[in-house]
Amino acid sequence: MIQGGVPLQGEIAVSGAKNSALPVLAACLLTAEPVVLDRIPPVRDIATMEKLLEHAGARVTVDGERVTVDAGDIRHAEAPYNLVKTMRASSLVLGPLVARCGRARVSVPGGCAIGARPINLHVAGLERLGAVTRQEHGYIEAEAPHGLHGAEVYFDRITVTGTEDLLMAAVLAQGETIIRNAAREPEVVDLAELLIKMGANIEGAGTPVIRVKGVSKLHGAAHAIIPDRIETGTFLIAGAISGGDLLVTGCQPEHLRALLGKLANAGVEICEPTAGALRVRGNGLLKSIDATTEEHPGFATDLQAQFMALMTQAEGSSIIKENIFENRFMHAPELTRMGANIRIEGRQAIVAGPTRLSGAQVIASDLRASASLVLAGLAAQGETLIDRVYHIDRGYYQIEAKLAGAGARIRRTA
Ligand code: EPZ
């Protein structure tokens, strides 16, 4: 429940990146020695990944945001349907399990609200490294009884978890692997940094070509993951849309330059007062800016819904194009219920503003759509009640406490 119209003031600290924690946790399967991870946000998707690791036979110890994984004894090289169906990123254990155990049985993730999201590119990449795969009864079975070998792999389409899956397979393959058309997300770089600490030989993470020289085994390590750039962007937009003055701390501005540029072009005052902090001031007048989602370092698809909420308050019309997923405008009809003026034409949404938003009962459909409804609720007159808010708990740690700490009138109802 959100009572809108309150400008956010004060400070919000961001948590570790969910989309870095997921591959980094999966990477622990690659060694028999313990790995100590810090700044792991205790959100639902992370809990699911931890269950997956335990199902495989690893021992997982959680102490606040510190997680220790001891995968000394892998008994089941598999990711079962009941876990994968709740989190498609479970496919991230595919590469590590084949690399460590020579085989893996992973439930094929079904579609999800935002699109079909197949993992064909993950599988094709593993086959290039010598895995033999087949799909049966909704499971991918991959075998490499004599181990994986290095290869040149070209991704037909840039895939974040596909790049991460393959990177984790290649580090233990015999010989050199070159991954071309690799994803350049900061989370890929973060994973590579952990793998290098574990003894892997990787060059070029963060660029379109990643070179990996396989090693025979990896050892334990300690690693603190990067801050969540999507959470950072969400809070910056919260400061802007509520007309507040908000300091977002513990972030890495370098990871969200595309959003920072868009907000500046829209007339939002943004500055970097100290390292790792961003200050945002919403001074009311906003100009409509177009946005097209692209792979990193372009404008992030995970910030598209949040940006759309902001554009409902901007003067003029904003054209928002979603190039990454085929169905990622489900927040639009809910924003329209609150008074927004949004027209969907295929892969693009035209947002006419400014429109006065009024609080309403709305339904969350996926993680980032939920965030955009929270943002609209902050700006709306009156009360907004968001149903199915469990979606937001997948990727935002204590969002209502963080926003309330900056003055938002937000609470979780029964
Ligand atoms: C990652 O998903 C993120 N999840 C997503 O964040 C994010 O939206 C997405 O990257 C794009 O940035 C994690 O990192 C855990 P892709 P991923 O593979 O890796 C198609 C969130 O809100 N594709 O880069 O699954 C796919 O359908 C989540 O935190 C294939 O066709 O995305 C999509 O259209 C949502 N075949 C496009 O590529 C494949 O084998 C990009 O997907 C793989 C992908």
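In what follows, the accompanying structure is described. Worth saying up front: this structure is predicted, and the values here are computed from it rather than measured.

Remarks on the overall build of the protein
Alright, step 1. Tallying secondary structure elements over the protein gives 13 helices and 24 strands in all.
Alright, step 2. Relative to the globule expectation of 22 Å for 414 residues, the C-alpha radius of gyration of the protein, 21 Å, shows essentially globular dimensions.
Alright, step 3. By the burial criterion, 56% of the 414 residues in the protein qualify as buried.
Alright, step 4. Sequence separation of 24 or more characterises 72% of the internal contacts of the protein that already satisfy a separation of 6 or more.
Alright, step 5. With 41 positive and 45 negative side-chain charges, the protein shows a spacing of 2 Å between the two charge centroids.

Re the environment of Arg-75
Alright, step 1. For Arg-75, the location among the structural elements is in the loop between strand E5 (66–70) and strand E6 (78–79).
Alright, step 2. Remark: the alpha-carbon pair of Arg-75 and Ala-360, spanning 285 residues in sequence, is separated by 50 Å.
Alright, step 3. Not counting residues up to four positions away in its chain, the partners in contact with Arg-75 are Ala-56 and Gly-57.
Alright, step 4. A distance of 3.0 Å separates a polar atom in the side chain of Arg-75 from a polar atom in the side chain of Asp-73.

Section: the site of the ligand
Alright, step 1. Near the ligand there are 22 residues, and of these Leu-121, Thr-159, Thr-161, Asp-302 and Ile-324 occur at the shortest range.
Alright, step 2. At a separation of 2.7 Å, a nitrogen atom of the ligand approaches a polar side-chain atom of Asn-120.
Alright, step 3. Between the ligand and Arg-328, the relevant distance is 3.4 Å, taken from an oxygen atom to a side-chain nitrogen or oxygen of the residue.
Alright, step 4. Considered on its own, the ligand offers 830 Å² of accessible surface; in the complex 90% of this is hidden by protein.
Alright, step 5. For the shell around the ligand, the secondary structure elements donating two or more residues are helix H1 (18–27), helix H5 (120–128), helix H6 (160–170) and helix H12 (367–379).
Alright, step 6. Taken together, the residues of the shell around the ligand break down into 10 nonpolar, 6 polar and 6 charged.
Alright, step 7. Two domains each provide a minimum of three residues to the shell around the ligand, namely domain 1 (2–15 + 227–410) and domain 2 (18–224).

Let's talk about the packing of aromatic side chains
Alright, step 1. Applying the stated criterion across every chain yields a total of 1 aromatic pair.
Alright, step 2. Centroid distance Phe-299 to Phe-307: 5.4 Å. Interplanar angle 70°. Geometry classified as edge-to-face.
Alright, step 3. On the basis of relative accessible area, Phe-299 is assigned to the buried category, the value being 4%.
Alright, step 4. The class for Phe-307 is buried, based on a relative accessible area of 0%.
Alright, step 5. Sitting over the ring of Tyr-139, Arg-105 keeps its end group 3.8 Å from the ring centre.

Concerning the side chain of Thr-163
Alright, step 1. Here Thr-163 shows up in helix H6.
Alright, step 2. Within polar-contact distance, the side chain of Thr-163 engages the backbone oxygen of Thr-159 at 2.7 Å.

Structural notes on the pairing of strand E13 (residues 209–213)
Alright, step 1. Only one face of E13 is covered, namely the one carrying Ile-210 and Val-212; the face carrying Val-209, Arg-211 and Lys-213 has none of its residues buried.
Alright, step 2. Pairing analysis gives 3 bridges linking strand E12 (residues 201–203) to E13, with the strands arranged antiparallel. Residue Ile-202 lies in a different strand from E13, and its bridge partner there is Val-212.
Alright, step 3. Hairpin geometry of E12 and E13 is characterised by an intervening segment of 5 residues between the two adjacent antiparallel strands and by a positive phi of about 95° at Gly-204.

Rules and cut-offs
- In this numbering scheme, every chain counts its residues from 1 along its sequence in written order.
- A pLDDT threshold of at least 70 governs which residues receive local features in this predicted model, and a stricter bar of 80 or more applies before side-chain atom pairs are shown or counted, although totals over entire chains, interfaces and linings include all residues.
- The basis for every side-chain value is the complete set of non-hydrogen atoms in the structure, without hydrogens or water.
- A run of DSSP states H or I qualifies as a helix once it reaches four residues; a run of E qualifies as a strand once it reaches two. Both are numbered from the N-terminal end.
- Restricting the calculation to C-alpha atoms gives the radius of gyration, and the globule rule supplies 2.2 Å times the number of residues raised to the power 0.38.
- The classification of residues rests on relative accessible area computed with a 1.4 Å probe and restricted to protein chains. Under 20% of the type maximum is buried, over 50% is exposed, and intermediate values are partly exposed.
- In what follows, residue pairs with any heavy atoms lying within 4.5 Å of each other are defined as contacts.
- The charge count includes Lys and Arg as positive and Asp and Glu as negative, but it does not include His or the ends of the chains.
- Every charge is mapped onto a representative atom, which is NZ of Lys, CZ of Arg, CG of Asp or CD of Glu.
- What qualifies as a polar contact is a pair of N or O atoms within 3.5 Å, subject to a donor-acceptor requirement within protein and to the restriction that residues adjacent in sequence count only when both atoms come from side chains.
- Residue proximity to a molecule or strand is established when one non-hydrogen atom of the residue lies within 4 Å of it.
- Only the protein chains shown count as cover for residues, and the accessible areas themselves come from Shrake-Rupley with a 1.4 Å probe.
- Note on residue categories: nonpolar means Ala, Val, Leu, Ile, Met, Phe, Trp, Tyr, Cys or Pro, charged means Asp, Glu, Lys or Arg, and polar means any other residue, Gly included.
- Each domain span listed reflects an automatic or database assignment of domains.
- Side-chain rings of Phe, Tyr and Trp, where Trp is taken by its six-membered ring, are said to pair if the distance between their centres is within 6.5 Å; with planes under 30 degrees apart they count as stacked, over 60 as edge-to-face, and otherwise as tilted.
- Over a ring means this: the NZ of a Lys or the CZ of an Arg is within 6 Å of the ring centre and within 35 degrees of the ring normal.
- Note: two strands are recorded as paired if DSSP finds a minimum of 2 bridges between them.

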